Amino acid sequence: MDMREWHTKATQITPDIYCLEIPTPFNVGAVNVYLIKGEKLTLIDVGPKTDEAWQALTEGLQAAGVSVEEIEQIVLTHHHVDHCGQLEKVRKKSGALTLAHPQAAPYVELDAEFMDFHDQFFLQLYKKSGVPSDKLIIIEKFHKLMTTFSEPSQIDLKLKHEQQVPHLPEWQVLYTPGHSQSHLSLYRERDRTMIGGDHIIGHISSNAFIEPPRDRSGARPLTLVQYRTALQMCADMEIEQVLAGHGEIVRNHRELISSRLQKNWSRTDTLRSLLADKELTAYELTTLLFPAIYEKELPLTLSETLGHIDLLMILHQIEVREQDGVLYYHL
Ligand SMILES: [Zn+2]
Ligand SMILES: [Zn+2]
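The residue count restarts for each chain, going from 1 along the sequence in the order it is written. Chains carry letters and ligands carry numbers; both start at the beginning, A for chains and 1 for ligands, and go up in the order they are written. Under the rules for a predicted model, residues below a pLDDT of 70 receive no local features and side-chain atom pairs below 80 are neither given nor counted, while totals for whole chains, interfaces and linings still include all residues. Hydrogens and water molecules were not included; the side-chain quantities draw on all heavy atoms of the structure.

Colleague: Would you explain the sheet that holds strand S12 (residues 241-244) in this entry?
Modeller: Strands are treated as partners if at least two bridges between them are detected by DSSP. Secondary structure is summarised from DSSP: a helix means a run of H or I of at least four residues, a strand means a run of E of at least two, and numbering begins at the N terminus for each. Spatially, S8-S9-S10-S11-S12 is the arrangement adopted by the five strands of the open sheet, whose pairing is mixed. What marks the edges here is a single partner per strand, and that holds for strand S8 (164-165) and S12. Of the strand pairs in this sheet, strand S10 (residues 184-188) and strand S11 (residues 193-197) are connected by three bridges, and their pairing is antiparallel. Looking at S11, one finds that tyrosine 187 is bridged to methionine 194.

In structure tokens, the structure reads:
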């Protein structure tokens, strides 16, 4: 964990929106939590469950002239622990209601049965992807991350695409899946402001994390395909500023989106050249695509590889063969 001294900030972005930078113990660095002083005092995300994050949140709110106890509702952009880990703590202090996409529910509740299903899904996926058995321990570690940096909580109101945010009548909900199946962005037409969560981030490209199928049977969602579609939807919108979940405000969303979409194609080109004269598993491709970081960041890098394999598969540019439960890709 990064133990450097944390200077709490509450930056006023518009007369009614404040950005609080909350430290996280993850590589991504600080997460941005937004306070909207609307009909109801609303927090967008809350940060992970750590003492440092709690201190930053309470001090940040103070700097913005309010207290945690006064928060009336919390909107979650998505279910990742850097964004929603200390949800229960905020709810207990304030009595605030939680608003989120229905897909966030099992993660936010840390539903035991769902978590078993979740781990089983990844175990099967990793085996099929050719991940060596000594590396499967990562699934447990991944699970432990969730229980360490969040605690069981709940969602009171489920939000849908294009609905108004309750008690924030200017704000519209946009379903923007891909980075996460529960991902929502919020949009206010009056000043063309979007709260983008991890859907649009300026300094890093968002990972289209592989997730289990919603109905618990059937095929997993093609997350990179979803992500690209949701990015395209935003590229078609008039947006002045994207208030991102990490890093600086994005003011050139079209340029950024077009470079992200382009990067996908250069990565599929790399994949095709790696498959030019041999058959490889998704794991082998991951080690070749991300030699420096795949060991440390296996879930992230394998997701990235599988997403690009999905793109090539739907375009019929590569084929797959199964042998002893492992998938081998070739041109
Ligand atoms: Zn995220
Ligand atoms: Zn994040």
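Colleague: Explanation requested: the packing of helix H9 (residues 282-289) against helix H10 (residues 298-314) in the structure shown.
Modeller: The relative placement of two packed helices is expressed as an angle between their axes plus a distance between the axes. Between N-to-C directions, angles span 0 to 180 degrees; the directions come from axes that are lines fitted to C-alpha atoms, helices contributing only their stretch in contact. Where H9 contacts H10, the axes come no closer than 9 Å and their chain directions differ by 110°. Accordingly, the angle class assigned to the pair H9 and H10 is roughly perpendicular. Contacts from Ala282, Tyr283, Leu285, Thr286 and Leu289 of H9 reach H10 at Leu298, Thr301, Leu302, Thr305, Leu306 and Ile309. Under the scheme applied here, ten amino acids are nonpolar (Ala, Val, Leu, Ile, Met, Phe, Trp, Tyr, Cys and Pro), four are charged (Asp, Glu, Lys and Arg), and all others, including Gly, are polar. Per-class residue counts for the contact of H9 with H10 are eight nonpolar, three polar and no charged. Here is the rule for angles: anything less than 35 degrees is roughly parallel, anything more than 145 is roughly antiparallel, 65 through 115 is roughly perpendicular, and the remaining ranges are oblique. Residue contacts are defined here by distance: any two heavy atoms, one from each residue, within 4.5 Å place the two residues in contact.

Colleague: Mind showing me how you'd approach the coordination of the zinc ion (ligand 1) here?
Modeller: For a metal with four tetrahedral donors the ideal donor-metal-donor angle is 109.5 degrees, whereas six octahedral donors ideally subtend 90 or 180 degrees. For Na, K and Ca the donor cut-off is 3.2 Å, and for all other metals it is 2.8 Å, counting N, O and S atoms only; because water is absent from this set, sites may look incomplete. At 2.1 to 2.3 Å from the zinc ion (ligand 1) lie its protein donor atoms, namely His78 (NE2), His80 (ND1), His179 (NE2) and Asp198 (OD). Angular criteria define each label, namely tetrahedral for four donors with all angles between 85 and 135 degrees, square planar for four and octahedral for six donors with opposite donors over 155 degrees apart and remaining angles between 65 and 115, and irregular for whatever fails these tests. Bound by four donor atoms, the zinc ion (ligand 1) shows angles of 91 to 173° at the metal and therefore irregular coordination geometry. Counting gaps between the donor residues of the zinc ion (ligand 1) yields the pattern H-x1-H-x98-H-x18-D. In this structure, the zinc ion (ligand 1) lies 3.4 Å away from the zinc ion (ligand 2), the two metals sharing aspartate 198 as a donor. Residue histidine 80 is found in the loop between strand S5 (73-75) and helix H2 (81-84), and its partner aspartate 198 is found in the loop between S11 and helix H7 (223-235); the two are separated by 118 residues along the sequence. Aspartate 198 shares its class with histidine 80; the two are buried. The buried label applies to any residue whose accessible area, calculated with a 1.4 Å probe on protein chains only, is under 20% of its type's maximum; exposed applies above 50%, and partly exposed to all values in between.

Colleague: For this particular structure, what's the right way to read the UniProt feature "domain: Metallo-beta-lactamase" (unreviewed entry) in the protein chain?
Modeller: UniProt positions are given in the numbering used here, feature names are shortened, and annotations may be inferred rather than shown by experiment. Under the UniProt annotation, "domain: Metallo-beta-lactamase" (unreviewed entry) lies at residues 30-246. From the first C-alpha to the last, residues 30-246 spans 6 Å; its make-up is 33% helix and 20% strand.

Colleague: Could you clarify how one ought to interpret the coordination of the zinc ion (ligand 2) in this entry?
Modeller: Surrounding the zinc ion (ligand 2) are the protein donor atoms Asp82 (OD), His83 (NE2), Asp198 (OD) and His246 (NE2), at 2.1 to 2.4 Å. One can describe the donor arrangement at the zinc ion (ligand 2) as irregular, given that its four donor atoms subtend angles of 88 to 151° at the metal. Between consecutive donors of the zinc ion (ligand 2), the numbers of intervening residues give the motif D-H-x114-D-x47-H.

Colleague: Help me out: how do you make sense of the environment of proline 166 in this one?
Modeller: As for its placement among the helices and strands, proline 166 is situated in the loop between S8 and strand S9 (168-175). Residues proline 166 and glycine 65 lie 101 residues apart in sequence; the distance between their C-alpha atoms is 23 Å.

Colleague: Would you mind going over the domain arrangement of the protein chain with me for this structure?
Modeller: Note: interface size is frequently given as the accessible area lost on complex formation between the parts. Bear in mind that the domain bounds are from an automatic or database domain assignment. In terms of domain boundaries, the protein chain breaks down into domain 1 (10-108 + 146-260) and domain 2 (112-135 + 265-330). The C-alpha-based centres of domain 1 and domain 2 are spaced at 28 Å. Across the boundary between the two partners, domain 1 contributes 17 residues, which contact 20 residues of domain 2. Values labelled buried area give the accessible surface lost by two parts on being combined, using a 1.4 Å probe and summing over both. The contact between domain 1 and domain 2 buries some 1,800 Å² in all, and 66% of this surface belongs to carbon and sulfur atoms. Taken as a group, Ile210, Arg216 and Leu224 account for 31% of the area that domain 1 buries against domain 2, more than any other trio of residues on that side. The term salt bridge refers to a pairing of a side-chain nitrogen on Lys or Arg with a carboxyl oxygen on Asp or Glu at a separation within 4 Å. Taken together, the links from domain 1 to domain 2 amount to two salt bridges. We note a salt bridge from arginine 216 to glutamate 113, for which the minimum N-O separation is 3.0 Å. Two N or O atoms form a polar contact when they lie within 3.5 Å of each other; inside protein one atom must be a possible hydrogen donor and the other a possible acceptor, and for residues adjacent in sequence the pair counts only when both atoms belong to side chains. In this assembly, domain 1 and domain 2 are joined by six residue pairs in polar contact (both at pLDDT 80 or more). Counting residues per element, the ones that place at least two in the side of domain 1 that touches domain 2 are helix H4 (105-109) and H7. Among the elements that take part in the side of domain 1 that touches domain 2, H7 stands out by supplying three residues, more than any other. A class-by-class count of the residues in the side of domain 1 that touches domain 2 yields eleven nonpolar, two polar and four charged.

Colleague: I tried to follow the side chain of serine 206 on my own but got confused; where do I start?
Modeller: By the element assignment, serine 206 lies in the loop between S11 and H7. Within the structure, serine 206 has its side chain in polar contact with the backbone oxygen of aspartate 198 (distance 2.4 Å). When residues no more than four places from it in sequence are discounted, the contact partners of serine 206 are His179, Asp198, His199, Ile201 and Tyr227.

Colleague: Explain the nonpolar core here, please?
Modeller: Grouped burial of nonpolar side chains is what soluble globular proteins tend to show. To qualify as a nonpolar core, a set must consist of buried Ala, Val, Leu, Ile, Met, Phe, Trp, Tyr and Cys residues joined through side-chain atoms within 4.5 Å. The biggest cluster of nonpolar side chains holds 29 residues, and the ones touching the most others in it are Leu35, Leu43, Leu57, Leu61 and Ile74. Listing elements by their share of this core, those giving two or more residues are strand S2 (17-22), strand S3 (31-37), strand S4 (41-44), helix H1 (51-63), helix H3 (87-94) and H4. Of the residues forming this core, the biggest block, five residues, is contributed by H1. In contact with leucine 35, not counting residues within four places along its chain, are Asp16, Ile17, Tyr18, Leu41, Thr42, Leu43, Leu61, Ala64, Val66 and Ile71. In this structure, Ile139, Leu275, Ile309 and Leu327 belong to the second largest nonpolar core, which totals 27 residues.

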